[in-house]
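Chain by chain, the residues:
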Amino acid sequence: MFEKTNEVKVLRDPIHGYIHVEYMVIWDVINSSWFQRLRRIRQLGGAYMVYHCAEHTRFAHSLGVYEIVRRMVNEIEGLKESLNEREKMVVMLAGLLHDVGHGPFSHAFESVTNTSHEVFTCRIIEEDTEITKILENAAEGLSKEVADVIRHTSENPLMSQLISSQLDADRMDYLLRDAYFTGTKYGEFDIERILRTLRVQEGRLVVKQSGVYAVENYIMARYHMYWQIYYHPVARSYEFMLHAIFRRLKDLGETGYPAVDALLQPILTRKKISLSSYFKLDENTCSYAFEVLTEHEDPVVKDLAQRIRDRNLFEYADRDDPQNTLRRKELRKNGYDLKYYWGMDSVQQNPYIPYTDESSETISVQMKNGTLRDLSNASNIVYSLIHGPTLDDEKVFFPCGSE
Ligand code: CA
């Protein structure tokens, strides 16, 4: 039913070997300007300020998620029989497009503008952009079906489970890709073993008991990646500085440079952001804006833009550090506005969230006798992890030289 490409197209990828494309609609989405825009947005917000090779983009990650989903719907026993051709296409497209709505430096951008990339993802898919047309030309109603999978509102919940759950194509790709590009070996795990041991039971994706060790390894990989990469305090310091400059720009409302204002419109405006102005905002645009703003007359904008460009990052300390009162006093005395020069954040990570009445998105294990058990009752390691103390970390960020 869906038009095939003349031959299977392959894109070389360091994680998966090749990304395989055999349908025109997938190929057309990859070549659309919205999807190509993802080349201009890095996958890891501030982590590349710590791990210097972590420059990989959301473009690469999105292709990787698509490839894992493509393999899942073609290889997993039970799954390949339970989805029809259209459902397989919908879920592959959902994997490809799940991050299409990301803005530059997502965390900082979303918290300053009160937006969410999921909302933009669905708007881009459904609101008559190039992508909507590609999808609707391939099959009427396809755009809504793809967005429904991303929103978790599709009739078949199994489809959303492939894209976003505690064991999904998104996490599998970003862990392997981020481990590769940061050079951290303990982020790796055996994806081949996991894919081989996945099954469908009671309408859900489950893992065979013989795959539990591979899943334990995946849970541990994720746990280590969070604390070593995603929650690295230097990366958080960089993200706070982005947050601070975005907030200052929003408070000012305009920069006085019309060309920069046109690009930064989604940050400066308090109105609903149009897709056309959102399209223009990416990390290249922001880098250009920061360079221009290093000459700005506002001392806060100028200083933060210089610091971001030159990686002159804020220091950090624990939130309950007794020195903090003195630090704040010194900063004020030296003329720093603490609204932009004193940041605080708190991070926490659950290695695995077991089944409760509210959360059904758990990993179920198919025991040898055919019954299902929650992963936390089938793995001693996961059981210990969730019954140990919850790790969290609270930090403050501030310019150096304030002591
Ligand atoms: Ca993702």
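Residues numbered from 1 in each chain as written. Predicted model: local features only at pLDDT ≥ 70, side-chain atom pairs only at ≥ 80, totals over all residues. Heavy atoms only, no water.

## A few points about the coordination of the calcium ion
Around the calcium ion, the protein supplies His61 (NE2), His98 (NE2), Asp99 (OD), Asp170 (OD) and Asp170 (OD) as donor atoms, at distances of 2.3 to 3.1 Å. Sequence spacing of the donor residues for the calcium ion, all on one chain, is H-x36-H-D-x70-D. Residue His61 is located in helix H3 (residues 58-75), and its partner Asp170 is located in helix H11 (residues 169-182); the two are separated by 109 residues in the primary sequence. What makes His61 buried here is its relative accessible area of 0%. (Donors = N, O, S within 2.8 Å, 3.2 Å for Na, K, Ca; no water. Helix = DSSP H or I, 4+ residues; strand = E, 2+ residues; numbered from the N terminus. Buried < 20%, exposed > 50% of the residue type's maximum accessible area, 1.4 Å probe, protein only.)

## Overview of the domain arrangement of the protein
Looking at the protein, the domain boundaries give domain 1 (4-183) and domain 2 (233-347). Taking only C-alpha atoms, the centre of domain 1 and the centre of domain 2 are 29 Å apart. Counting from both sides, the interface comprises 29 residues of domain 1 and, opposite them, 24 residues of domain 2. With both sides pooled, the region where domain 1 packs onto domain 2 buries about 2600 Å², and carbon together with sulfur makes up 67% of that total. On the domain 1 side of the contact with domain 2, Met49, Phe105 and Val112 bury the most area, a combined 27% of that side's loss. At the junction of domain 1 with domain 2, the criterion picks out two salt bridges. When the shortest N-O distance is used, the salt bridge between Arg42 and Glu283 registers 3.1 Å. At the boundary of domain 1 with domain 2, the tally comes to 13 residue pairs in polar contact (both at pLDDT 80 or more). Elements represented by at least two residues in the side of domain 1 that touches domain 2 include exactly helix H2 (33-36), helix H6 (106-113) and helix H7 (117-126). (Domains from an automatic or database assignment. Contact = heavy atoms within 4.5 Å. Buried area = accessible area lost by both parts, 1.4 Å probe. Salt bridge = Lys/Arg side-chain N within 4 Å of Asp/Glu carboxyl O. Polar contact = N/O pair within 3.5 Å; in protein donor to acceptor, adjacent residues only side chain to side chain.)

## What to know about the packing of aromatic side chains
Aromatic ring pairs are reported here in terms of the distance separating the ring centres and the angle at which the planes meet. Under the criterion given, the structure shown has 20 aromatic pairs. With a centroid separation of 5.3 Å and an interplanar angle of 55 degrees, the aromatic rings of Phe35 and Phe59 are classed as tilted. Residue Phe35 is located in helix H2, and its partner Phe59 is located in helix H3; the two are separated by 24 residues in the primary sequence. Looking at Phe35, the relative accessible area reads 0%, which means it is buried. A relative accessible area of 9% means that Phe59 is categorised as buried. Look at Tyr180 and Phe181: their rings are 4.9 Å apart centre to centre, the planes differ by 80 degrees, and that puts the pair in the edge-to-face class. Given a relative accessible area of 47%, Tyr180 falls into the partly exposed group. Joined through ring pairs, the aromatic side chains of Tyr48, Phe105, Tyr238, Phe246 and Phe290 make up one cluster. Geometry around Trp27 places Lys9 over its ring, the cationic atom sitting 4.9 Å from the centre. A cation over an aromatic ring shows up here: Arg12 above the ring of Tyr18, its NZ or CZ 4.4 Å from the ring centre. (Phe/Tyr/Trp six-rings, centres within 6.5 Å; stacked < 30°, edge-to-face > 60°. Lys NZ or Arg CZ within 6 Å of the ring centre and 35° of its normal.)

## Some details on the layout of surface pockets
Each pocket or cavity is described by its volume, and for the largest pocket that value is around 1400 Å³. For the largest pocket, the lining is made up of 47 residues, of which Arg58, His102, His107, His117 and Tyr226 are closest to its centre. Contributing elements (two or more residues each) for the lining of the largest pocket: H3, H6, H7, helix H9 (142-151), H11, helix H13 (212-230), helix H14 (233-252) and strand E6 (343-348). Tallied by class, residues from the lining of the largest pocket come to 17 nonpolar, 17 polar and 13 charged. A domain-level breakdown of the lining of the largest pocket finds at least three residues from each of domain 1 (4-183) and domain 2 (233-347). (1 Å grid on protein atoms, 1.4 Å probe; cavity = no way out; pocket = protein on both sides within 12 Å on 5 of 7 lines; lining within 4 Å. Points joined across faces, edges and corners; volume = space filled by probe spheres on them. Nonpolar A, V, L, I, M, F, W, Y, C, P; charged D, E, K, R; others polar.)

## A closer look at the sheet that holds strand E8 (residues 372-374)
Read across the open sheet, the four strands follow the order E3-E4-E7-E8; overall the sheet is mixed. Looking at the sheet topology across the chains shown, the edges are occupied by strand E3 (198-201) and E8. Across the sheet, the mean angle from the axis of one strand to that of its neighbour is 45 degrees, orientation sign disregarded. In this sheet, strand E7 (residues 364-366) lies alongside strand E4 (residues 204-208) in parallel orientation, the contact comprising three bridges. Bridging across to E7, Lys208 finds its partner in Gln366. (Pairing = 2+ DSSP bridges. Axes fitted to C-alpha atoms, helices over the stretch in contact; angles between N-to-C directions.)

## Here's the deal with unusual backbone geometry
Of note, Phe105 is a non-glycine position whose phi angle comes to about 45 degrees, a positive value. Judged by relative accessible area, Phe105 falls into the buried class, the value being 4%. Phi is positive for Arg311, close to 55 degrees, though the residue is something other than glycine. Tracing the chain through its elements places Arg311 in the loop between helix H19 (299-310) and strand E5 (315-318).

## Remarks on the pairing of E4
Sheet topology places E3 next to E4; four bridges connect them, and they run antiparallel. By the bridge assignment, Val200 is partnered in E4 with Leu205. Remark: two residues form the turn of the hairpin made by E3 and E4, two consecutive strands paired antiparallel; Glu202 in that turn has positive phi of roughly 50 degrees.

## Re empty space enclosed by the protein
Which parts of space are left empty comes out when a probe the size of a water molecule is rolled across the atoms. Under the criterion given, the structure shown has one cavity of 30 Å³ or more. Of the voids in this model, the largest cavity is the one considered here, and its volume is about 50 Å³. If you go around the largest cavity, the residues you meet are Gln161, Ser165, Gln166, Leu167, Leu198, Leu205, Val206, Val207, Thr362, Ile363 and Ser364. In terms of residues, the lining of the largest cavity owes the most to one element, E4, which gives three residues. Taken together, the residues that form the lining of the largest cavity break down as six nonpolar, five polar and no charged.

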